[in-house]
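Observations on chain architecture
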Amino acid sequence: MKLAIFVQHQKVVCYNCDPSGQWERRRIKGETSVDIPPDKAAVVLRQIIKDQSDLINQQNDLRDVEIHLIYGVADVGAMAEAPKILAELQCITWQILRLEPLLERAAVARGLTQALPLDGDDKWLRTVLLPILASTFAYSNHAFQAEEARARHEHEETMDTLRADVQAKHQEVARLQARINALQLPGVEHLLVYLPAIYRNFWGVVRPDELALLAGTLTVPVIASPYPDPSPDTVVMLKRRFLQLPELDRERVLGFCRELPHRLDVRVEMKDLFGEI
């Protein structure tokens, strides 16, 4: 059930909405309207609300009734006691609205044809203003749902942006880590073992002290002179072991090889390590 109580120009009228959605004027103490003195407006309106609750005669008072209280700008004092009495009567669905903005909204929606809706023929009030008034709850729900959907959409967009930022950061970290790994020199032990297997006559071209400098160590390896090249079988074995090294260790050795400034001859067996055929 819906109940609308208007207060304007020290006059009160009441309307109720039947199940079919039709608004009808509801009598107050047997009258179609009641005058209220300004100095007692709040007390009188409180009693009117209580009387309407008694007439409805529900066990839980106004708990299941939708209440709309509408006041003219000069009659705001009448609303002083309204929230308290509504709470006492268990009403949980209610609103207090100023009349003038509703009239402006009605003028935009349907055309304002009655300057004083509480006076004279109330057809415009019942067919235009009251349906607009009743829609304000639905309008509020729709606005809330729209705002909730907008907030959810913005949240999802923000989460997508954050995920993209995190992914970009991970990629940047991976790139930086790759650069750090590339800058790190391989262990001298790996160089001493695999470089002679990768290159022909390696120690005949690169001196041990040069290799120490290039490998970033002050310890110069002791290499017999002359140093015999490994046999083909040894080269095959060392290549197999090299391929079994962790990928990072292999890349460091090959990266070191690519940086060597010397004119070195890569063995045929090792060319595929560098992508050569």
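Heads up: these notes are all about the structure in this document. Remember, it's a predicted structure, so these values are computed and weren't measured experimentally.

Section: the overall build of the protein chain
Counting its secondary structure elements, the protein chain contains nine helices and eight strands. In the protein chain, of all internal contacts separated by at least 6 residues, the share reaching a separation of at least 24 is 67%. When the accessible surface of the protein chain is totalled, it reaches about 16,900 Å², and 54% of it is carbon and sulfur.

Remarks on the packing of helix α5 (residues 188-198) against helix α8 (residues 232-243)
One can describe the packing of α5 onto α8 by two numbers: an axis separation of 10 Å at closest approach and a directional angle of 125°. Taken together, the axes of α5 and α8 lie oblique to each other. In this structure, α5 crosses over α8, and the sense of that crossing is left-handed. For the pair formed by α5 and α8, the contact residues are V193, Y194 and A197 on the first element and V235, L238, R241 and F242 on the second. Residue classes in the contact of α5 with α8 are distributed as six nonpolar, no polar and one charged.

Quick notes on the packing of aromatic side chains
Here the structure, examined in full by the defined rule, presents five aromatic pairs. Ring geometry for Y199 against F202: centres 6.1 Å apart, planes inclined by 25°, an arrangement best described as stacked. Each member of the pair, Y199 together with F202, is buried. On the basis of an interplanar angle of 75° and a centroid distance of 4.9 Å, the ring pair of F202 and W203 is categorised as edge-to-face. Note on accessibility: F202 and W203 belong to one class, buried. Here the aromatic residues Y199, F202, W203 and Y227 are joined through ring pairs into a cluster of three or more.

Topic: the pattern of salt bridges
Counted by the stated rule, this structure contains eleven salt bridges. Across the pair E81 and R46 runs a salt bridge whose closest N-O atoms are separated by 3.6 Å. One end of the pair, E81, is in the loop between β5 (66-71) and α2 (82-88); the other, R46, is in helix α1 (residues 41-56), with 35 residues separating them in the sequence. With its nearest N and O atoms 3.5 Å apart, the salt bridge here joins E100 to R98. The exposure class assigned to E100 is partly exposed, which follows from its relative accessible area of 23%. Taking relative accessible area as the criterion, R98 reaches 36% and is therefore assigned partly exposed.

Observations concerning the pairing of strand β1 (residues 2-8)
Two faces, one strand: in a regular strand the side chains alternate between the faces of the sheet. Most of β1 is tucked away, with six of its seven residues classed as buried. Connecting β1 to the antiparallel partner strand β2 (residues 11-17) that follows it, the hairpin turn spans two residues, and H9 within it adopts a positive phi of roughly 50°. Where β1 meets β5, six bridges bridge the pair, whose relative direction is parallel. Counterpart to L3 in the pairing with β5 is I67.

With respect to helix α9 (residues 247-259)
End to end, α9 covers 18 Å across 13 residues, agreeing with the expected 18 Å (1.5 Å per residue, within 8%). The set of residues buried in α9 consists of R252, V253, L254, F256 and C257.

Considering the packing of α5 against α9
Orientation of α5 relative to α9, taken along the N-to-C sense of each, is 60°, at an axis distance of 11 Å. Comparing their axes, α9 and α5 come out oblique. You can see that α5 and α9 cross each other, and the crossing is right-handed. Counting all contacts with α5, which are made through H190, L191, L195 and I198, the residues of α9 involved are D249, V253, F256 and C257. Classifying every residue of the contact of α5 with α9 gives six nonpolar, one polar and one charged.

Parameters at a glance
- Residues numbered from 1 in each chain as written.
- Predicted model: local features only at pLDDT ≥ 70, side-chain atom pairs only at ≥ 80, totals over all residues.
- Heavy atoms only, no water.
- Helix = DSSP H or I, 4+ residues; strand = E, 2+ residues; numbered from the N terminus.
- Contact = heavy atoms within 4.5 Å.
- Areas by Shrake-Rupley, 256 points an atom, 1.4 Å probe, with all protein chains shown as cover.
- Axes fitted to C-alpha atoms, helices over the stretch in contact; angles between N-to-C directions.
- Parallel < 35°, antiparallel > 145°, perpendicular 65-115°, else oblique.
- Left-handed = near helix turned anticlockwise from the far one by under 90°.
- Nonpolar A, V, L, I, M, F, W, Y, C, P; charged D, E, K, R; others polar.
- Phe/Tyr/Trp six-rings, centres within 6.5 Å; stacked < 30°, edge-to-face > 60°.
- Buried < 20%, exposed > 50% of the residue type's maximum accessible area, 1.4 Å probe, protein only.
- Salt bridge = Lys/Arg side-chain N within 4 Å of Asp/Glu carboxyl O.
- Pairing = 2+ DSSP bridges.
- Expected span 1.5 Å × (residues − 1).

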